[in-house]
Amino acid sequence: MTSRNFRDYLMPADAHRIGLARGVDVHTYGERMLATDKAQKLKAHWQAMLDETFRGITSNGEIQPDLYRLQDEGFAVENAVAAAQALLQTLAPEVQIEACYPIEAKQWRGWYNPEIPFNDYGVRLEETSTATREAFLKLLRSCTSERGFTKVQQLMDANHFLGELYDLTNIMNRWSFHFMLFGEPSATQPWGWSIYGHHVAFCCFIIGRQLVIAPTFMGVEPNVIARGDDTDCVLFTEEEQRGLALMQSLNPDQQARATLYQQMEDPLMPPERFNFADQRHLGGAFQDNRVIPLEGICAAEFNASQRASLMETIRVFLDFLPDGPREARLKQIEQHLESTWWSWIGGCGNDDVFYYRIQSPVVLLEFDHHSGMWLTNEEPARFHIHTITRIPNGNDYGKALLMQYQKQ
């Protein structure tokens, strides 16, 4: 059984992977890592999916129409515009050119999770000035709840903590993320921004007083920051505990139908159901057009308490949104509760590791316990967690809303 203490799985100091990263900049490290056949195949696969025309994630290959509409959600757009403009003023003209893209640019979809730089879109925050980084935090704060602002900062710091564990903050630190701005910051016209890198991808689309943040990828390895000071924290415990509590509240028949596979790497899984990059996730990087069939058990069967538990789990996933956009989003999701599906992989005992997915026409949420990437655990463990949020049927990156705006 896998230990609950991540320190039991630290790589030795002479590990090959550490040696590849020791004493070099992130670009040199990336060249070394991308020289492998496995990395080249993954990069080519991702590029092929990026080159596809965006349609959106669906459950059957057909986009369900008329799910999204332009509306006033009470988002404080003026604050976001001011923060974005202030950030741009910290960049030299040639750096602005690198950071800024048209609103419809395919670079929206170029995000990834590994610490390896698979592309060079935008600017890396670690290569910008202190003023730019401070301005970025103000932009982040203007587009998130207080809890969301803290959470994203903690995730960026968790990346730095992992770098500290191996003395590799040259490739993993709190600023080792790409930043891009799309369109021109405006109180009325569509625009947005994104960051992405190791364990954080955050795509923000803004149109007037309406805000879309999707896709997001948020993860940690390990899920604790343990320096012995006021930065110490444990991340994703609420997503983990609420998901497990909901699964345990189902009766045995419901649990059996919700469970897709008994084992996290089950021999019954078809080849496309598991891969080394995403493990059990289906909505990971570059999966913008994936067909993800509805599986498990429908929430129409849930009792009132279970439905409330489901909505609370969803609320926790979306706690990064500011109050107005979050409540609008939750209202929309609740309207589709009768066609929301709950699925599970793994056990549901108090100490088990697991994956779960919540999927409806308007939301896709995934939680997964992972095996080691920078730690050596060969089995999934509770200290390595990945989560994903997406908006199916064409509104990732706010694209459905952008299409409506352009048709006006």
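Refer to the structure presented above.
Reference entry: report on the structure contained in this document. (Residues numbered from 1 in each chain as written. Predicted model: local features only at pLDDT ≥ 70, side-chain atom pairs only at ≥ 80, totals over all residues. Heavy atoms only, no water.)

To continue, consider the nonpolar core. Grouped together as the largest cluster of nonpolar side chains are 129 residues, with contacts concentrated most on Phe136, Phe179, Trp193, Trp342 and Trp374. Per element, the largest residue contribution to this core is eight residues, and it comes from strand β5 (residues 200-207). Formed by nine residues, the second largest nonpolar core is a distinct cluster that contains Leu282, Ile292, Tyr355 and Leu364. (Core = buried A, V, L, I, M, F, W, Y, C linked by side-chain atoms within 4.5 Å. Buried < 20%, exposed > 50% of the residue type's maximum accessible area, 1.4 Å probe, protein only. Helix = DSSP H or I, 4+ residues; strand = E, 2+ residues; numbered from the N terminus.)

In this model, the largest pocket occupies a volume close to 540 Å³. In terms of lining, the largest pocket is formed by 31 residues, of which the most central are Arg17, Pro114, Phe276, Ala277 and Met373. By residue number, the principal contributor to the lining of the largest pocket is helix α3 (residues 37-50), which donates four residues. (1 Å grid on protein atoms, 1.4 Å probe; cavity = no way out; pocket = protein on both sides within 12 Å on 5 of 7 lines; lining within 4 Å. Points joined across faces, edges and corners; volume = space filled by probe spheres on them.)

In the structure shown here, the tally under the stated rule is 29 salt bridges. Linking Glu115 and Arg17 is a salt bridge whose minimum nitrogen-to-oxygen distance equals 2.9 Å. A residue pair is termed long-range when its members are at least 10 positions apart, and Glu115 in the loop between β1 (100-101) and β2 (123-124) and Arg17 in helix α1 (residues 16-21) qualify at 98 residues. Of the charged contacts, one joins Asp323 and Arg326 as a salt bridge, the two residues approaching to 2.8 Å between their closest N and O atoms. (Salt bridge = Lys/Arg side-chain N within 4 Å of Asp/Glu carboxyl O.)

Looking now at unusual backbone geometry. The omega angle of the peptide bond from Ala214 to Pro215 is 0°, so this bond is cis rather than trans. Examined against the element boundaries, Pro215 turns out to sit in strand β6 (residues 210-220). Cis geometry marks the peptide bond from Glu221 to Pro222; its omega dihedral reads 0°. Within the fold, Pro222 resides in the loop between β6 and β7 (224-225). Phi is positive for Tyr397, close to 60°, though the residue is something other than glycine.

What follows concerns the pairing of β5. Counting buried positions along β5 gives eight out of eight residues, so the element sits mostly inside the fold. Burial along β5 is two-sided: Val200, Phe202, Cys204 and Ile206 facing one way and Ala201, Cys203, Phe205 and Ile207 facing the other are all buried. In the sheet, β5 pairs with β6 via seven bridges, with the strands oriented antiparallel. Its bridge partner lying in β6, Ala201 is registered against Phe217. Hairpin connection of β5 to β6: two residues between the antiparallel strands, including Gly208 at a positive phi of 60°. (Pairing = 2+ DSSP bridges.)

Considering all chains together, one arrives at 25 aromatic pairs under this definition. Their ring planes at 35° and their centres at 5.7 Å tell us that Tyr9 and Phe383 sit as a pair that is tilted. One end of the pair, Tyr9, is in the segment before α1; the other, Phe383, is in the loop between β13 (363-369) and β14 (385-390), with 374 residues separating them in the sequence. Accessibility assignment for this pair places Tyr9 and Phe383 in one class, buried. For the ring pair Phe136 and Trp193, a centre distance of 5.7 Å and an interplane angle of 90° mean the geometry is edge-to-face. Of this pair, Phe136 sits in helix α6 (residues 130-142) while Trp193 sits in strand β4 (residues 191-197), placing them 57 residues apart in sequence. (Phe/Tyr/Trp six-rings, centres within 6.5 Å; stacked < 30°, edge-to-face > 60°.)

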